[in-house]
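Architecture at a glance
Here are the chains, one letter per residue:
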Amino acid sequence: MIQATLHQLKVFETTARLGSFTKAAEELDITQPTVSSQVKQLTKSVGLPLFEQIGKQLYLTEAGKALFTSCQDVFTELDNFEMKIADFKGTKEGKLRLSVITTAAYFIPRILGSFCQIYPDIDVTLQVINHQQIQQRMLNNQDDLYIMSQPPEEIDLKSKPFIKNPLVVIARKDHPLAKEKQVLLEKLQFYPFIMREYGSGTRKAVQNLFNQYDLTVKVRLELGSNEAIKQAILGGLGISVLSKHTLTSACHEDLTILNVEKFPISRYWYISHLAGKQLSVVAKTFLDFLMDRTLLMKV
Ligand code: PGA
């Protein structure tokens, strides 16, 4: 049996997660020599190196990777236990780890605001990333819940749709197509187009539609952010397809939605979690809250 204290495991897990002794010391509010000595003692009781240092970069060895996975399981279980105890005492407290797709960032923070007002003892970590990055976090079991438009079929998930997320064609108000009442889909190929980056769900949905109708657009620019795309449209660089939710903020008086045939591409946001994962009390509370809040909302 390996003789390791919980503290040593926490220090190791933090160092492995952050890839740095210095950052681990900062996060845990201890000194860097303490981090090193705790990792050293743990390495001694495991009997194999846990890290390998190449240049300035810290890498996990095979033994380190195995221990990291076990540590994450242990700390998740302990967190769940604390949440259950708090729940028995009649309070909801603990951590909620959420990853949401870029378009949901226009909407989820507001819901989270109301949620945190009701449950002030729940700490939320929110990642705003694209479709491919969410998929990677699912594979690594990094979060409690995920919000996205196309839950990947190859991962065993439980998913519930909760609100519409239509994709629309957006242009500057003075764009030649803005005057047309109904724009033929094929006309899009004659105007510069701004596309989201590779790995984006929006891009995938747009390309599926264009492929279906054998359409090739002139991609003038690829950008990894909805906000940057809107600025590029305002700058006259082209038209694009974005979620209708991205049009909520005030600066968009100069933007318009084009009435293009086959649009909007109709989609939903789903809230998902890994099928084999037992939801924590806190995650379940958020899931119920979200479903309740969005029940009557329309887009
Ligand atoms: P994306 O996803 O940020 O990966 O484009 C947005 C969406 O699918 O709604």
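Residue numbers run consecutively from 1 along every chain, following the written order of its sequence. The predicted nature of this model means local features are confined to residues of pLDDT at least 70 and side-chain atom pairs, given and counted, to a pLDDT of 80 or more, with totals for whole chains, interfaces and linings taken over all residues. Water and hydrogen atoms were dropped before computing side-chain values, which therefore reflect all heavy atoms in the structure.

**Structural notes on the overall build of the protein**
Condition: By definition, any uninterrupted DSSP run of H or I lasting at least four residues is a helix, any uninterrupted run of E lasting at least two residues is a strand, and each is numbered from the N terminus. To sort residues, take the accessible area from a 1.4 Å probe on protein chains only and compare it with the maximum for the residue type: under 20% means buried, over 50% means exposed, and anything in between is partly exposed. Here, two residues are considered to be in contact whenever any of their heavy atoms come within 4.5 Å of each other. To measure how exposed things are, a 1.4 Å probe is used in the Shrake-Rupley method; for residues, cover is taken only from the protein chains shown. The convention is simple: Lys and Arg are positive, Asp and Glu are negative, and His and the chain ends are not counted. Positions of charges follow a simple convention, taking NZ of Lys, CZ of Arg, CG of Asp or CD of Glu.
Helices and strands together make up the secondary structure of the protein, namely 9 helices and 12 strands. Each principal axis of the C-alpha atoms in the protein carries an extent, and together these give about 75 × 50 × 35 Å. Among the 299 residues that make up the protein, the fraction classed as buried is 43%. Taking as baseline every contact in the protein between residues at least 6 positions apart, the subset at least 24 positions apart corresponds to 73%. Here the protein has roughly 16200 Å² of accessible surface; of this, 52% comes from carbon and sulfur atoms. Of the side chains in the protein, 35 bear a positive and 31 a negative charge, and the two mean positions are spaced by 4 Å.

**Looking at a negative patch on the surface**
Condition: Patches in this entry comprise residues that are over 30% relatively accessible and not in a salt bridge; like charges within 9 Å are linked, as are nonpolar side chains (Val, Leu, Ile, Met, Phe, Trp, Tyr) within 5 Å. Throughout this description, the term salt bridge denotes a Lys or Arg side-chain nitrogen within 4 Å of a carboxyl oxygen of Asp or Glu.
A cluster of like negative charges, contributed by Glu 82, Glu 93, Asp 121 and Asp 123, occupies part of the molecular surface. Within the element layout of this structure, Glu 93 appears in the loop between helix H4 (62-88) and strand S3 (94-101).

**As for the layout of surface pockets**
Using the following cut-off: Grid points spaced at 1 Å and placed over the protein atoms alone form the basis of the search, with a cavity being a set where a 1.4 Å probe fits but cannot get out and a pocket an open set showing protein on both sides within 12 Å along at least five of seven lines. Lining residues have an atom within 4 Å of a point. Grid points are joined across faces, edges and corners, and a volume is the space filled by probe spheres set on the points. In this count, Pro and Cys sit with the nonpolar residues alongside Ala, Val, Leu, Ile, Met, Phe, Trp and Tyr, while Asp, Glu, Lys and Arg are called charged and the others, Gly among them, polar. Throughout, the edges of the domains are those of an automatic or database domain assignment.
Looking at the largest pocket, its volume works out to about 840 Å³. Lining of the largest pocket is provided by 24 residues; of these, Glu 13, Gln 72, Thr 76, Arg 97 and Gln 142 occupy positions nearest its centre. For the lining of the largest pocket, the secondary-structure elements that each account for two or more residues are helix H1 (6-18), H4, S3 and strand S4 (122-129). At 9 residues, H4 tops the list of elements feeding residues into the lining of the largest pocket. Residue composition of the lining of the largest pocket, grouped by class: 2 nonpolar, 10 polar and 12 charged. Each of two domains, domain 1 (6-70) and domain 2 (92-164 + 269-294), supplies a minimum of three residues to the lining of the largest pocket.

**A word on empty space enclosed by the protein**
Scanning all chains against the criterion turns up 1 cavity of 30 Å³ or more. When its volume is computed, the largest cavity comes out at roughly 90 Å³. Forming the walls of the largest cavity are 14 residues, and the residues nearest its centre are Ile 101, Thr 103, Gly 201, Thr 202 and Arg 267. There are two domains that each give the lining of the largest cavity at least three residues, and those are domain 2 (92-164 + 269-294) and domain 3 (167-266).

**Concerning the confidence of the model for the protein**
Let me state the cut-off plainly: pLDDT measures how confident the predictor is about each residue, on a scale from 0 to 100.
For the protein, per-residue confidence averages 92 on the pLDDT scale, and residues scoring 70 or more make up 97% of the total. Within the protein, no element has a lower average pLDDT than H4, which sits at 91, and none a higher one than strand S8 (residues 192-196), at 97.

**Overview of the side chain of His 245**
Selection rule: Each polar contact in these results corresponds to two N or O atoms within 3.5 Å; when the atoms are within protein, one needs to be able to donate a hydrogen and the other to accept it, and residues that are neighboring in sequence are counted only if both atoms are side-chain atoms.
Relative to the assigned elements, His 245 resides in the loop between strand S10 (239-243) and strand S11 (255-258). On the basis of relative accessible area, His 245 is assigned to the buried category, the value being 9%. Within the structure, His 245 has its side chain in polar contact with the backbone oxygen of Lys 164 (distance 3.0 Å).

**Here we look at the side chain of His 131**
Position of His 131 relative to the elements: it lies in helix H6 (residues 131-139). Beyond its immediate chain neighbours, meaning those up to four positions away, His 131 contacts Ile 101, Met 148, Gln 150, Gly 199, Ser 200 and Gly 201.

**A few points about the sheet that holds S10**
Test applied: A pair of strands is treated as paired once DSSP finds two or more bridges between them. All axes here are fitted lines through C-alpha atoms, helices being fitted over the stretch that makes contact, and every angle between N-to-C directions spans 0 to 180 degrees.
Pairing in this open sheet of 5 strands is mixed, and the strands run S9-S8-S10-S7-S11 from one edge to the other. Sheet topology places strand S9 (218-223) and S11 at the edges, where each strand pairs with a single neighbour. Neighbouring strand axes in the sheet, compared pairwise and without regard to direction, differ in orientation by 40° on average. Taken together, the 5 bridges between S8 and S9 define a ladder with parallel strand orientation. The partner of Phe 193 across the bridge, within S9, is Val 219.

**With respect to the sheet that holds S4**
Pairing is mixed in the open sheet, where 5 strands are placed in the order S4-S3-S5-S12-S6. Two strands in the sheet have a free side with no partner beyond their single neighbour: S4 and strand S6 (157-164). Along the sheet, successive strands turn relative to each other by an average axial angle of 20°, direction set aside. Strands in contact with helix H5 (residues 108-118) are S3, S4 and strand S5 (145-148); relative to S4, the strand with the most contacts, it is inclined by about 175°. Contacting S3, S4, S5, S6 and strand S12 (268-274), H6 runs over the sheet at an angle of about 160° to S5.

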